[in-house]
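Survey of secondary and tertiary structure
In case you want the letters, here they are:
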Amino acid sequence: MLLKTNTKKLPVIGYVEKHTKKKMWKRIINERELWIISIILLVWVGIFAYYPMYGVIIAFKKYIPGQSFSQAQWVGLKYFIQFFNSNQFPLVIRNTLAISGLNLLFGFPAPIILALLINEVRRKYWKRFVQTVSYVPHFISWVVVASLIFSFLGNEGLVNTILQSLNITTKSVGFLNEGKYFWGMITAANIWKEAGWGSIIYLSAIAGIDEELYQAGAVDGLGRLGTVWHIILPGISGTIVLLWILGIGDILNAGFEQQLLLGNDLTRDYYEVIDTFAYKYGVQRGIYSYGTAVSLMKGVISVSLVFFTNWFTRKKLDIAAL
Amino acid sequence: MEVTKMKRILTLIVAVLLLVTATAGCGTTASNNQSDAGASSAASSATASTPANTNIFGWAVPEKAMEITYYAGQDNPDTNAENCEAKAAYLLKNFNVKLTKIVYDDDMEQRLNLMLSSGGYPDCIVGMSWQEAQKWVDQGRALELTSYIDAYGSNIKSRMGDYLKRYYTDDGKLYTLASFWGLTTFVSYAPEVRNDWYTEAGSPDVSTPEAYYAALKKMAAAHPENSSGDKTYALGMWKISSSRLGGNSFINTFGGMYGLKSGWKVNSDNSVNLWINSPEGVKMLDYLNQIYRDGMLDPDSFTMSIDEWGAKAGNERYAGFVGSHWPANSYSLTAWKNKYGADYNENMRYVYVDVKASGVAQSAFSPSNSMGSAVILTNNCKSPENYMKWFDFENTDLGSKLAGWGIPNEKGSVWTLDENGKWAYAEGVEDQLVNNIGDFDYDAETKAGGECGMLMTAGVEPMAGGGNVWINLGLEDKWAQAKDKLLKDSLFDFTSFLSVTIPTEDPLSDKSTEINDIVNNAWAKAITAKSTEACDAVIAEAVSSANSAGLADVEKYYSTQYQKNVSKYGK
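Treat the numbers as computed from the prediction; the structure is a model and nothing was measured.

In this section: the interface of chain A and chain B. Counting residues at the interface gives 40 residues for chain A, matched by 39 residues for chain B. Overall, the association of chain A and chain B removes approximately 3400 Å² of surface from exposure, summing both partners, and the carbon and sulfur fraction of that is 48%. Its largest share of buried area at the contact with chain B, chain A owes to Asp265, Leu266 and Arg285 of chain A, together 18% of the area lost on that side. Viewed at the interface, chain B and chain A are joined by six salt bridges. The partner of Arg317 of chain B in a salt bridge is Glu156 of chain A, and the shortest N-O contact between them spans 2.5 Å. When residues of the side of chain A that touches chain B are traced back to their parent elements, those giving at least two are helix H2 (12-30), helix H3 (32-50), helix H14 (257-262), helix H15 (268-271) and helix H16 (274-284) of chain A. Per-element accounting of the side of chain A that touches chain B gives the leading share, six residues, to H3 of chain A.

Right under this line is the structure:
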């Protein structure tokens, strides 16, 4: 009775707050080692990722390098409209969606398939070797990859030499000179470079599937394909959906370095994407406001897509990442 | 419990170690990109006060060390430090001047924009584009120099003469000076043929583009492959981009055969049209398209870098070259000398020829812009009089030599200076450069400080006392002399046009960038088209796209500004 009365008299929310704060501090003290490790990273994220965000204000101002942000003239949506009205807008958007679409269509399943295949390898050392070799390309910079591509696909490169020596072609195929090859080439390069690295997370997810399910599947007469379809894929579906949601958010990220390194005047109509456009106007020409506006537009659309996809998958598949 | 406690202590130690080591790198002021050449320990320890006196260069040595710090654009900081070390030490010892040349390994305009945004920039900036310099002037970041040049710039005034007037604003203010000002007297762009193959082919006529190509084709047919079995081409280019509307060195030099000037057609009333919007430009592309379809233009011309092109040139893959005067021989001669050894003869080199289309009065390969590139003293400069004194010194005869040739009398120096102030070329230098006896050691000249400390360098014209700020341009061998004699009329003063800039904030600037992309794209696509009709279709489409992007407005702007400058400068 007393407790009830006391409970009525006490400011309940304040009590809960105080109690929660106390719990929180206790938890921090218990986890102090993790906090000590994390604090430098949190400070780094705060300084380099969050603090500079106020600078996006220049997307709405006519900022000239040398002025302060407050001095710059407010222009509202001028640079966004300028981008939408630009003659290059359709081309830039087409190329961006095409390259990232291909990356999603082919590049997204590639690490899943690779992970499934690696998972089927029985010999332990061979499995480790294959896995290690598969993600080495991730560590090679795009500058080196571009050189490799030139060596392989150039007019006097290995591929053309083989094609001509086998009489498949009489003249060099302009893989680097013709725009029609550009999207395929860059998608293939992306898959080669990232499939191995991407498979790591799927292999971890596969490792987390309960062994009993495999045994139950075996009892039910499932073969290897059946196991993959009925046990493994459902088991890693959460990971697949999570990465899919994040991948959709990247739909406007079609790359930057690859285009600058592999592109040339003959393929400009196929390689100019949002990031190269923002770089050209924002950084090379010093119109920081324009570059910021283009990048901000891209960022807002990407975040919106992430939240939309998350809502959609929660509604339809009952899976949500956020 | 004990084990748990031990684990916790260990975890805590590791966590703290991680935190400490992660922050160990903080707090240093070393810059990864910047090379402060000259701020060496030897220099910093030798800041003794010296009684004022005049050294053999005629420089009044100050009592207190004079600091000259300037940003000079894009270069490798480590190489810069190495090249400037000797000169910086020499200047500190003999001039009591602490010279610091700052370079960054990134694009100069991008770096300048960052400097403006951050407010972190040195006292002096050299080698700026005029567009960029104007931005700094407009923001009040460049000092007004009239009083300083009046007080300390007598040599500048006498050396520059009437040129100096071009740098004053309409209201009589002076914010910018220039480096490499003046009209060049040497031909810098030209078509070339490989001389031994050319002689072997009977030295055929090369006076027109068609004759030039026929000669190259004949030479390539006589040498269809190099010693490794790789195909030989008539011509090759490399992937190049130009941010300035007009063209790159290939467009400009090929265009020069058809009378275009720096990628522009100049009409009789001094209005201008961009090359692609002119009949001459169409003829040029049709010509190159024919060479490409014949398989005589290297198909990698639009994808390879200059170094890759140079490797091919060194491997004897090209009968000719059209463009800047230096790459073909720079990349080839050493390779060929090494390859052929005792069998090498002096005709194994590229030589220059004059090519002009029929109906063209004069080929126009080498534009000269007497304005040079901009030099400013920034509002961070606390002692502008010191900089003006140094600029003035660089405009003396001995000052120019010190700036361009490096320090005298040292091992590796290319010149000597006696105690009476009388200069001479170092032993062997004239034979090396003029008579090609032995190899001129460009590396030694660079390490002796050639090109380090060229701020407001006396212009590219020959110096009053002899020579040129680039030593090899004052001591030209017979090949360079022949080039300049043959092609002297292809050199033209285009200052009035080349000094036209569009301010970055002007909407025309965006149009200009877009049009630049369109024409660069068309240049490559037209040349690689499958037929003349396809080539012409590409050109027509590009002109249409450029027109919708505002080409007419841009041409009108350039025309108006050019006409204004012509009436101002006289030509």
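The strands making up a sheet associate through backbone hydrogen bonding, with each pair oriented either parallel or antiparallel. Residues and elements named next belong to chain B. One open sheet accounts for five strands, arranged E4-E3-E5-E13-E6; its pairing is mixed. The open sheet has two free edges, formed respectively by strand E4 (97-104) and strand E6 (177-179), since each of these has just one partner strand. Going from strand to strand, the sheet's axes swing by 30° on average, the running direction of each strand aside. Sheet strands in contact with helix H4 (residues 108-118) are strand E3 (66-74), E4 and strand E5 (124-128), and its direction is about 125° off that of E3.

All names here are of chain B. Looking at chain B as a whole, its pLDDT mean stands at 88, while 94% of the residues score no less than 70. Segment residues 28-51 is flagged for pLDDT under 50; beyond a separation of four residues in sequence, or across chains, it makes 37 contacts in the model. If you check the scores for this complex, the pTM reads 0.84 and the ipTM reads 0.80.

A separate point is the environment of Thr161 of chain A. Here Thr161 of chain A lies in helix H9 (residues 158-165). The spacing of Thr161 of chain A and Lys171 of chain A is ten residues in sequence and 9.7 Å in space, taken between C-alpha atoms.

Attention now goes to the nonpolar core. As a rule of thumb, soluble globular proteins bury nonpolar side chains together. Residues and elements named next belong to chain B. Counting residues in each nonpolar core, the largest one holds 91 residues, and the members touching the most others are Tyr212, Phe254, Trp275, Trp523 and Tyr558. For this core, the element with the highest residue contribution is helix H21 (residues 507-527), accounting for nine residues. When residues no more than four places from it in sequence are discounted, the contact partners of Phe254 are Leu235, Met237, Met284, Tyr287, Leu288, Val322 and Trp523. Counting residues in hydrophobic clusters, the runner-up holds 72 residues, among them Leu164, Leu177, Ala178 and Ala374.

Quick notes on the rules
- Residues numbered from 1 in each chain as written.
- Chains lettered and ligands numbered in written order.
- Predicted model: local features only at pLDDT ≥ 70, side-chain atom pairs only at ≥ 80, totals over all residues.
- Heavy atoms only, no water.
- Contact = heavy atoms within 4.5 Å.
- Buried area = accessible area lost by both parts, 1.4 Å probe.
- Salt bridge = Lys/Arg side-chain N within 4 Å of Asp/Glu carboxyl O.
- Helix = DSSP H or I, 4+ residues; strand = E, 2+ residues; numbered from the N terminus.
- Pairing = 2+ DSSP bridges.
- Axes fitted to C-alpha atoms, helices over the stretch in contact; angles between N-to-C directions.
- pLDDT = per-residue confidence, 0-100.
- Core = buried A, V, L, I, M, F, W, Y, C linked by side-chain atoms within 4.5 Å.
- Buried < 20%, exposed > 50% of the residue type's maximum accessible area, 1.4 Å probe, protein only.

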